[in-house]
Amino acid sequence: KQLPLGKKYSNKHMLLNALDQFIKKGKFNYLVFSTADIIVPNNLFNELKKIHMKNFCAFVFPNTQVINGELKNTFWPYFGIDLIIFKIDKKKAREFREIIKFYNQYDWGIIENFYFAVSEILGLKKYNLFKQCNVIKFNNDLEAFTEDRNWQINSWKENQKYFINFLKNNNLSMLYAHGSY
């Protein structure tokens, strides 16, 4: 699908493509979304199997970050949820696709907030796997692209406007739209 002039990517379009494949092709156990360069922990799917629900949303905050090639270990989560996993059946996947039909999102920002709002609409219980899974996040190299902090902030603010309209249309709390950037 064509992007508006000046836009580099759309998480919404990537999600639509993933949902189409999830619905139409083969049998998938999970729909996994990552927002950053991460290493997914070896035990992730074993931890997901311990959740005995037909449909749910799990997520993991990165707990180890690599900055300039140096591994930083901490006991608290790093900023941002960089791994979101949906275990949904085909019916929920079709509902998911319908829900996002009129939502827009381009370039950077708001996507994690959006996924949490959608999981509420779908009635999915959320599971935080931070303590069970060690996600390693690599710091984004903003100098490798024409994306700097100002570009991120402007992109986030633009997407926030789309997201507020989405929240209003679905009678959801505006608190989803006021996360940090």
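Description of the structure in this document. What you see is a predicted model; the values in this text were computed from it and never measured.

## Let's talk about the side chain of S155
Item 1. Within the secondary structure layout, S155 lies in helix 5 (residues 149-169).
Item 2. Within the structure, S155 has its side chain in polar contact with the backbone oxygen of W108 (distance 2.7 Å).

## Focus: the nonpolar core
When a protein is soluble and globular, its nonpolar side chains tend to lie buried together.
Item 1. With 35 residues, the main nonpolar core has F86, F96, I100, F114, Y115, F163 and F166 as its most contacted residues.
Item 2. For this core, the secondary-structure elements that each account for two or more residues are helix 1 (11-24), strand 1 (31-34), strand 3 (56-60), strand 6 (83-87), helix 3 (90-99), helix 4 (111-121) and helix 5.
Item 3. Looking at this core element by element, the count peaks at six residues for helix 4.
Item 4. Discounting chain neighbours no more than four positions away, the residues touching F166 are I99, Y103, F114, A117, V118, I121 and L172.
Item 5. Counting residues in each nonpolar core, the second largest holds 13 residues, with Y30, L48, A58 and L83 among its members.

## Brief notes about helix 1
Item 1. With 14 residues, helix 1 should reach 20 Å at 1.5 Å per residue; the first-to-last C-alpha distance of 20 Å fits that figure.
Item 2. When helix 1 is considered as a whole, its buried residues turn out to be N11, K12, H13, L15, L16, L19, F22 and I23.
Item 3. In this structure, the buried side of helix 1 is in contact with strand 1, helix 3 and helix 4.
Item 4. For helix 1, the capping residue at the N-terminal end is S10, with a side-chain oxygen 3.3 Å from the backbone nitrogen of K12.
Item 5. Looking one or two residues beyond helix 1, the residue adopting positive phi is G26, at roughly 60 degrees.

## So, the environment of M14
Item 1. Considering the arrangement of structural elements, one finds M14 in helix 1.
Item 2. Placed 19 residues apart in sequence, M14 and F33 show a C-alpha to C-alpha distance of 9.9 Å.

## Let's talk about the packing of aromatic side chains
Aromatic rings considered in pairs are described by the distance between their centres and by the relative angle of their planes.
Item 1. Counted under the stated rule, the structure contains 16 aromatic pairs.
Item 2. With a centroid separation of 4.1 Å and 5 degrees between ring planes, the pair formed by Y103 and F114 is classed as stacked. Linking Y103 in the loop between helix 3 and helix 4 with F114 in helix 4, this pair joins segments that are 11 residues apart in sequence.
Item 3. Taking the relative accessible area as the measure of exposure, Y103 reaches 1% and is therefore buried.
Item 4. The interplanar angle of 75 degrees and the centroid separation of 6.0 Å between the aromatic rings of Y106 and Y162 together place this pair among those described as edge-to-face. Of this pair, Y106 sits in the loop between helix 3 and helix 4 while Y162 sits in helix 5, and the two are 56 residues apart along the sequence.
Item 5. Linked through ring pairs, F33, F86, F96, Y103, F114, Y115, F163 and F166 together constitute an aromatic cluster.
Item 6. Sitting over the ring of W151, K8 keeps its end group 4.9 Å from the ring centre.
Item 7. The ring of F22 carries K90 above its face, with NZ or CZ at 5.4 Å from the centroid.

Cut-offs applied
- Residues numbered from 1 in each chain as written.
- Predicted model: local features only at pLDDT ≥ 70, side-chain atom pairs only at ≥ 80, totals over all residues.
- Heavy atoms only, no water.
- Helix = DSSP H or I, 4+ residues; strand = E, 2+ residues; numbered from the N terminus.
- Polar contact = N/O pair within 3.5 Å; in protein donor to acceptor, adjacent residues only side chain to side chain.
- Core = buried A, V, L, I, M, F, W, Y, C linked by side-chain atoms within 4.5 Å.
- Buried < 20%, exposed > 50% of the residue type's maximum accessible area, 1.4 Å probe, protein only.
- Contact = heavy atoms within 4.5 Å.
- Expected span 1.5 Å × (residues − 1).
- Phe/Tyr/Trp six-rings, centres within 6.5 Å; stacked < 30°, edge-to-face > 60°.
- Lys NZ or Arg CZ within 6 Å of the ring centre and 35° of its normal.

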